Amino acid sequence: MTRPFCVTGFTMLFTLFVLGTTASEKAVRAVLCAALIAFVLSLVFRASRRDRTLPTAFLAVVLSTGLLIAAGQQQTTFAERYADREAEIRGVLAQLPWQQDGRNYYVLQLETADGEPCDEKLRLVSRAPLDITPADRVTCTVKTFVLGASGEDGVSEYYRSIGITMGGYPVDDLQVEKGVRTDLPGYILQFRLALSDALLTALPNDNGALLAAIAFGAEDTLPDRVNNAFRAVGISHILVVSGLHLTVWTMLLFAVFRTLGVRRRLSAAVGIAFVCFFTVLTGAAPSILRSAVMLCTVYAAEFFRRESDSLNSIGLALTGMLLLNPYAARSLSLLLSVFATLGILLLGKPIERVLMRPFAKVRQGLLFRLCSAGVSAVAVTAAATVFTLPVQLWAIGNMSTVTLLANLLLLTAGNAAMVLGSFGALLTLAGVFGQPVLLLAGWVAQYLITVTERLAQLPGVLLPINSNFAKLLLALAFFACAVFVFLKKPNKRMMRLTAAVLCCAFLVCNTAVYLRSRSALQMAVADVGNGMSVVLSCRGETVVLGCGGDYFADSEICAILSAYGATYIDALILPDETDELFSAALSVGGQLPVKTVYYAQTIKPETLPVGETKTPIDKTVLTFADGALTVAVQSSGAYRYAEILYGSFRALVSFTEENDFHGDSASVLCAAGELPRNTDAADFELTVFSAADPGAADVPALRSQAVCTTVENGSISLLVFQDGAFQYRRM
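Since this is a predicted model, take the numbers as computed values, not measurements. (Residues numbered from 1 in each chain as written. Predicted model: local features only at pLDDT ≥ 70, side-chain atom pairs only at ≥ 80, totals over all residues. Heavy atoms only, no water.)

### Observations concerning the overall build of the protein
Looking only at helices and strands, the protein has 21 helices and 25 strands in total. Against the globule reference of 27 Å for 731 residues, the protein gives a C-alpha radius of gyration of 28 Å, in line with a compact fold. With respect to the three principal axes, the spread of C-alpha positions in the protein is 85 × 65 × 60 Å. When the 731 residues of the protein are sorted by exposure, 49% land in the buried category. (Helix = DSSP H or I, 4+ residues; strand = E, 2+ residues; numbered from the N terminus. Rg over C-alpha atoms; globule rule 2.2 N^0.38 Å. Buried < 20%, exposed > 50% of the residue type's maximum accessible area, 1.4 Å probe, protein only.)

The structure is reproduced here in structure tokens:
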């Protein structure tokens, strides 16, 4: 066995990912039984006994299961001791604060809890900003809770993957000891904050926010509109400080050492020290840790004059990280980083050789270097995209169709922005010629933002890949990989042909599904809590009808828009100024560009989100998608509702229970809170309630053929055809 860490690391990763953050006893038994069967089979064949791969994998499965059980017991003990009660805590900041959904978040590294030593982390949340800096120590009484305990599995997975189980909010005033922190992580966190502040002070606009995100990971300062545009075009890896940034810095450092004639062993030692410093400086995210371990392995091999192995280095990084935190196997950033790196290592060079064939006669000069650089960028992007498809299908549900073009246009500029922004911030802190460097960095950042937003507004930028066809084809791809792995002498031509056929089938099937849904009407009733929002998507145009609800409403609405492949909103209709229909409008308008805002006359225009045009409405009939979709809005008087027409399909959206639909009939009724007066639910094929309280609507008493509620269940998505037929599902 030539790569023991590769086998161990990837086996642990897949085992812990399958078991998840809350592994049931049945799941653990199933995984252990499967591993035991594979181990017994490995003893039967002499070749597998000599190779020792399967026995090593079996031991890795057993180790992973034990680690997950132990970590679960430790977190359960901590939660049972401190959860859902008031506790007095003392601690320091473990990472820089951030803002989201109108709240301020602080991760504290606890020193004591109720007077006893404690080394756990706690996420503190507050509506008002707290006067805490990385140099301070905080003492306060908090009301604690378990993160994700209310059924938000994604929240629980994310925080456990970064080592946090508990959350809390202060119930009294904080006692802050200013400037008392003297440990190394505290000094590094202060240095990172000073660099970000210097950059944002010199460039207090979107350009500065983008540079702070690229250089120091201060992503919360970046407007959601810009952040979403980067995600839509497939270059969000530029914003997240990851292995790409660390690799660029180390390559630059080695180039300087080579120019100065520094010995290679000394360069390797300095490289290891720099990697460790950069990892702590940028927050030690899972993707950074993976890259840091890999680079340290490479530099250690250089220092000891040994040959390094990239796949073994990835496995070593995974083994170390999962030993420390088995929940990191569900970290999205780690999975994307690992699979992208794996794709570049295994598929990058073969794709590059194929793409370079048309330029075989170009041997030297500027043209050759340009062709080589462009082909290399395309090959790396394509390889990373192919290998990260399973992760995108699991976590995101769509892929960018312009990612190759975006990486060609923006990747080099992103690296330049990172280097210029970092040097500019350092020089500004030192008081030496920082402004000219930051001015140049600002121009590069402006180029990045302009090009990204232009690309994001192209039609069909996001291709949904969450169909059953996509899952089936990915399963076939994994099966084909397993077959070729177990073949002693696999046919390379057959392997390439199989890969090409599967890739083409994947793209064709998902494109066909997307075009089919695009030609129909997609309609979603968002799970926004106490409010109402209906998202409509038809023939490339997107309409949001109502935009209110609880504090998480904007996130849910934007998630639906992303699932429908929308990167901007054609029409935002606001029929009332109440929180149930308006509270999330400003946030949604800040995250996605809005072409036209239609608003009730009771709403003040200065309170509206940004839009290219703003039009007041009263009793208004609006048409979209070349007249195929009609939305009639009644926003004044005793009745407040909307009527949606698409071919033979008709839906009523009731914004208040004061409406009266007696004797009316439609395919679908969407009601906020309760059934409107004198309305018989049996007149509708489907009734959807948008409510914050599951008891708000007396669902069992209704006589409709189908009744759905969004509360605690998720948004309802409908696919509507022009003959009036429709299908619905939970999102």
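### Describing the packing of helix 8 (residues 224–232) against helix 16 (residues 434–456)
Where helix 8 meets helix 16, the closest approach of the two axes is 9 Å, and the angle between their N-to-C directions is 65 degrees. Crossing hand, helix 8 versus helix 16: left-handed. In this structure, helix 8 uses R225, V226, A229, F230 and A232 to contact helix 16, whose residues at the interface are L448, I449, T452, E453 and A456. When its residues are assigned to classes, the contact of helix 8 with helix 16 shows seven nonpolar, one polar and two charged. (Axes fitted to C-alpha atoms, helices over the stretch in contact; angles between N-to-C directions. Left-handed = near helix turned anticlockwise from the far one by under 90°. Contact = heavy atoms within 4.5 Å. Nonpolar A, V, L, I, M, F, W, Y, C, P; charged D, E, K, R; others polar.)

### Notes on the packing of aromatic side chains
Going through the model one piece at a time under the given rule, you end up with five aromatic pairs. A ring pair is formed by F649 and F726, whose centres lie 5.9 Å apart and whose planes are at 70 degrees; its orientation type is edge-to-face. Of this pair, F649 sits in strand 20 (residues 649–654) while F726 sits in strand 25 (residues 726–730); the two residues are 77 residues apart in sequence, bridging distant segments of the chain. Relative accessible area serves as the criterion here: at 1%, F649 is assigned to the buried category. The aromatic ring of Y327 is capped on one face by R160, whose charged end is 5.2 Å from the ring centroid. The ring of F17 has R330 lying over it, and the distance from NZ or CZ to the ring centre is 4.6 Å. (Phe/Tyr/Trp six-rings, centres within 6.5 Å; stacked < 30°, edge-to-face > 60°. Lys NZ or Arg CZ within 6 Å of the ring centre and 35° of its normal.)

### Points about empty space enclosed by the protein
Over the atoms rolls a probe the size of a water molecule, and in doing so it shows where empty space is left. Taken as a whole and assessed by the stated rule, the structure comprises three cavities of 30 Å³ or more. Within this model, the largest cavity holds a volume of roughly 170 Å³. Surrounding the largest cavity, 17 residues form its lining, Y514, R518, G540, G565 and A566 being those nearest its centre. Among the secondary structure elements, those contributing two or more residues to the lining of the largest cavity are helix 18 (492–519) and strand 12 (534–538). (1 Å grid on protein atoms, 1.4 Å probe; cavity = no way out; pocket = protein on both sides within 12 Å on 5 of 7 lines; lining within 4 Å. Points joined across faces, edges and corners; volume = space filled by probe spheres on them.)

### Quick word on unusual backbone geometry
Not every positive phi belongs to a glycine, and D114 is a case in point at roughly 55 degrees. If you trace the backbone, D114 turns up in the loop between strand 3 (103–113) and strand 4 (116–117). Phi at D626 takes a positive value of approximately 55 degrees, unusual for a residue other than glycine. Mapped onto the secondary structure, D626 falls in the loop between strand 17 (619–624) and strand 18 (629–634).

### Considering a negative patch on the surface
Together, E86, E88, D172 and D173 line one region of the surface with negative charge. Tracing the sequence through the fold places D173 in the loop between strand 7 (166–170) and strand 8 (175–177). (Patch = residues over 30% accessible without salt bridge, like charges linked within 9 Å, V, L, I, M, F, W, Y side chains within 5 Å. Areas by Shrake-Rupley, 256 points an atom, 1.4 Å probe, with all protein chains shown as cover. Salt bridge = Lys/Arg side-chain N within 4 Å of Asp/Glu carboxyl O. Lys, Arg positive; Asp, Glu negative; His and termini not counted. Charge placed at Lys NZ, Arg CZ, Asp CG, Glu CD.)

### Some thoughts on the nonpolar core
L210, I214 and L448 are the most contacted members of the largest nonpolar core, which totals 50 residues. Elements that contribute at least two residues to this core include exactly helix 6 (184–202), helix 7 (206–216), helix 8, helix 9 (243–260), helix 10 (264–281), helix 11 (286–303), helix 15 (403–430) and helix 16. Looking at which element gives the most residues to this core, the answer is helix 16, with nine residues. In this structure L448 touches L210, I214, F230, L410, A413, G414 and A417, once residues within four positions along its chain are discounted. Counting residues in hydrophobic clusters, the runner-up holds 38 residues, among them Y598, V631, A651 and V720. (Core = buried A, V, L, I, M, F, W, Y, C linked by side-chain atoms within 4.5 Å.)

### Considering the side chain of N312
Checked against the element boundaries, N312 lands in helix 12 (residues 310–324). At a separation of 3.2 Å, a polar atom in the side chain of N312 contacts the main-chain amide nitrogen of F5. In contact with N312, not counting residues within four places along its chain, are T2, R3, P4, F5 and C6. (Polar contact = N/O pair within 3.5 Å; in protein donor to acceptor, adjacent residues only side chain to side chain.)

### What to know about helix 6
Structural remark: α-helix, 3.6 residues per turn; residues separated by three or four positions point the same way. Given a rise of 1.5 Å per residue, 19 residues ought to cover 27 Å, and the 27 Å separating the end C-alpha atoms of helix 6 matches this to within 8%. Of all the residues in helix 6, the buried ones are G186, I188, L189, R192, L195, S196, A198 and L199. In the core, the buried residues of helix 6 are packed alongside strand 1 (86–93), helix 7, helix 10, helix 15 and helix 16. (Expected span 1.5 Å × (residues − 1).)

### A closer look at the sheet that holds strand 11 (residues 521–525)
Whether parallel or antiparallel, the strands of a sheet pair through hydrogen bonds between backbone atoms. Reading across from one edge, 16-15-14-13-12-11-24-25 is the order of the eight strands in this open sheet, with mixed pairing throughout. The open sheet has two free edges, formed respectively by strand 16 (613–617) and strand 25, since each of these has just one partner strand. If you compare each strand with its neighbour and ignore which way they point, the axes differ by 15 degrees on average. Direction of pairing for strand 11 relative to strand 12: antiparallel, over a ladder of five bridges. When the sheet's bridge partners are listed, M523 is paired in strand 12 with L536. (Pairing = 2+ DSSP bridges.)

### Topic: the side chain of T15
Among the structural elements, T15 can be located in helix 1 (residues 4–19). Residue classification places T15 among the buried residues on the basis of a relative accessible area of 8%. Apart from residues lying up to four places away in sequence, T15 is in contact with V31, V61, S64 and T65.

### Here's the deal with the sheet that holds strand 19 (residues 641–646)
The sheet built from seven strands is open, its strands ordered 17-18-19-20-21-22-23 with mixed pairing. Among the strands making up the open sheet, the edge pair consists of strand 17 and strand 23 (707–709). Here the average twist between neighbouring strands, direction ignored, is 15 degrees. Relative to strand 22 (residues 684–690), strand 21 (residues 666–672) runs parallel, the two sharing six bridges. Considered in strand 22, the bridge of A672 is made with S690.

### Observations concerning the environment of C504
Position of C504 relative to the elements: it lies in helix 18. We classify C504 as partly exposed; its relative accessible area is 49%.

### Digging into the confidence of the model for the protein
Overall, the prediction assigns the protein a mean pLDDT of 82, with 92% of residues at 70 or greater. In this model residues 696–704 is a low-confidence stretch, pLDDT under 50, and it forms 17 contacts with partners more than four residues away in sequence or in other chains. (pLDDT = per-residue confidence, 0-100.)

### Looking at the pairing of strand 20
Of all six residues in strand 20, six are buried; the element is thus mostly enclosed. Side chains of strand 20 alternate between two faces, with F649, A651 and V653 and R650, L652 and S654 buried alike. Where strand 19 lies against strand 20, six bridges are found, and the strand directions are antiparallel. Looking at the pairing, Y646 lines up with F649 of strand 20. Counting the residues in the hairpin turn of strand 19 and strand 20 gives two residues, including G647, whose phi is positive at 60 degrees. By the bridge criterion, four bridges tie strand 20 to strand 21 in an arrangement that is parallel.

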